[in-house]
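Fold and geometry: a report
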Amino acid sequence: MKALQGIVVLDLTHMLSGPYGTMLLADMGADTIKIEPPGTGEGTRKLLAADPQYSLHGMGAYFLTLNRNKRSACIDLKAPAGVELFYELVKKADVVFDNFSVGVTRRLRIDHDALSRVNPRIITCSVTGFGETGPGTDRPAFDQVVQGMGGGMSITGYPGGEPLRAGIPIGDLAGGMFGAMGVLEALVARQTTGRGQHVDISMLDCQVSLLNYMATMYSLSGIDPVPLGNGHFVHVPYNSFRTRTQYIIIAVIGDIFWQNLLEVIDDPELRREKYLTQPGRYEEREFINARIQEVLLSETADYWLKALRAKRIPCAPVNRFSEALNDPQVRARNMVVRVRHPLGGDVEMPGNPVKLSDTFEDTYSAPPLLGQHTDDVLRDMLGLDSARIGALRTNGVIG
């Protein structure tokens, strides 16, 4: 059994932020039904679809990953009959999730006000660039736009260098994560109130939230933080270092770890009494990092990691994807799973990081072909017979 078994999500999302949020809900067991335009389908169906390296049977890596555990039904929401059919599904659903631009759901007559008249218990969630209130709601936004506006890029990179976006699309992914979280909150609240509600997620809001304690540091001091590369503004050494074979991380947080580090890195220059406490180390952090770097170049990453771990010093290799995805701990936690393609074959992708002790069934169904489940959804949820379904298809309402 999965935690969200019995919850029905109508998924109107596209690209990355929305599909990632509904993927999380689908992994948790929600019956997640992609409502796609007939003929074309959702936009990410085309991304990388023709790339022989990054696709399987004409389905690209984006769609393969983001749409596992989902079903697909094609309904034309621009046609009045399609909207009426969608309303019938809403009566049977729990959640409607979208990441359209602000105003689109209202123009299509599928915003929360319209849907709550159909089903007062419906929960709607919209992930947009800047949210649905405030002076900037109508501006277009993508991942790097909100990464830049949210402040995080200004502290990413090396001192004096140009700002860098995060290597993973944290602007998009955070919107999806907070969207899923908001839906879960609304589902819990509905148990008390009996009513649904609207979840308004701004990707920019999410980026500002992730600034966390560093934003509070700014508000206390008035000082804009600056990029520090892989170093830390308090702890020393806390950085990435080159070895003969690979970069590694050493994270000394606390004086006891420093003393243990001295047993691994035997350098008389580091045994100064001044360095026994954090203030002294921080004052001469550049010298300390340089001395450690010089010593580490003498051996391989495996050599140093074994020695560091023996003294329980926080450390890690800087893994490439090929190494991270084959780490024994990652594999033991089922964080690399095989998902089949509906036309045959399978592909490995990241698993579900939320591990529950009871309602956790770790299974993954194939991402759907376009409109693969249209008939099943209309038959099972609405009780439509073959003649009615055939008429809707003939009239172009469904695909």
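Everything here concerns the structure above.
Presented here is a report on the structure given in the accompanying data block. (Residues numbered from 1 in each chain as written. Predicted model: local features only at pLDDT ≥ 70, side-chain atom pairs only at ≥ 80, totals over all residues. Heavy atoms only, no water.)

**Re the sheet that holds strand β9 (residues 238–242)**
- Spatially, three strands are ordered β9-β10-β11 in an open sheet, and the strand pairing comes out antiparallel. Across the chains shown, the open sheet's two edge strands, defined by having one partner strand only, are β9 and β11 (315–317). Between one strand axis and the next, the sheet turns by 20° as a mean value, whatever way the strands run.
- Where strand β10 (residues 247–251) meets β11, three bridges bridge the pair, whose relative direction is antiparallel. Across the sheet, residue Ile-248 finds its bridge partner in β11, namely Pro-317. (Pairing = 2+ DSSP bridges. Helix = DSSP H or I, 4+ residues; strand = E, 2+ residues; numbered from the N terminus. Axes fitted to C-alpha atoms, helices over the stretch in contact; angles between N-to-C directions.)

**So, the packing of helix α1 (residues 17–27) against helix α7 (residues 170–193)**
- Put simply, α1 and α7 touch, their axes get as near as 7 Å, and they point 45° apart. Of the possible angle classes, the one that applies to α1 and α7 is oblique. Considering only the axes of α1 and α7, their crossing is right-handed. Across the interface between the two elements, Ser-17, Tyr-20, Gly-21, Leu-24 and Leu-25 of α1 pack against Asp-172, Leu-173, Gly-176, Met-177, Ala-180, Val-183 and Leu-184 of α7.
- Class assignment for the residues of the contact of α1 with α7 results in eight nonpolar, three polar and one charged. (Parallel < 35°, antiparallel > 145°, perpendicular 65-115°, else oblique. Left-handed = near helix turned anticlockwise from the far one by under 90°. Contact = heavy atoms within 4.5 Å. Nonpolar A, V, L, I, M, F, W, Y, C, P; charged D, E, K, R; others polar.)

**Details of the sheet that holds strand β2 (residues 31–36)**
- Pairing is parallel across the open sheet formed by six strands, whose spatial order is β5-β2-β1-β6-β7-β8. Looking at the sheet topology across the chains shown, the edges are occupied by β5 (70–74) and β8 (198–202). Sheet twist, expressed as the average angle between the axes of neighbouring strands with direction ignored, equals 20°.
- In the sheet, strand β7 (residues 123–128) pairs with β8 via five bridges, with the strands oriented parallel. Among the inter-strand pairings, Thr-124 is bridged to a residue of β8, identified as His-198.

**As for unusual backbone geometry**
- A cis amide bond links Val-236 to the next residue, Pro-237, at an omega of -5°.
- Take Pro-237: it is sitting in the loop between α8 (203–221) and β9.
- Of note, Arg-109 is a non-glycine position whose phi angle comes to about 65°, a positive value.
- For Arg-109, the location among the structural elements is in the loop between α4 (104–107) and α5 (112–118).
- Unlike most non-glycine residues, Asn-212 shows phi in positive territory, near 50°.
- Turning to its location among the elements, Asn-212 is positioned in helix α8.

**Focus on the pairing of strand β1 (residues 8–11)**
- Residue alternation in β1 divides its side chains into two sets, Val-8 and Leu-10 and Val-9 and Asp-11, and both sets are buried.
- In the sheet, β1 pairs with β2 via four bridges, with the strands oriented parallel. Within β2, the residue paired with Val-9 across the bridge is Thr-32.
- At this point the chain moves from β1, through α1, to the parallel β2, and the crossover so formed is right-handed. (Buried < 20%, exposed > 50% of the residue type's maximum accessible area, 1.4 Å probe, protein only. Right-handed = clockwise from strand over helix to strand, strands pointing away.)

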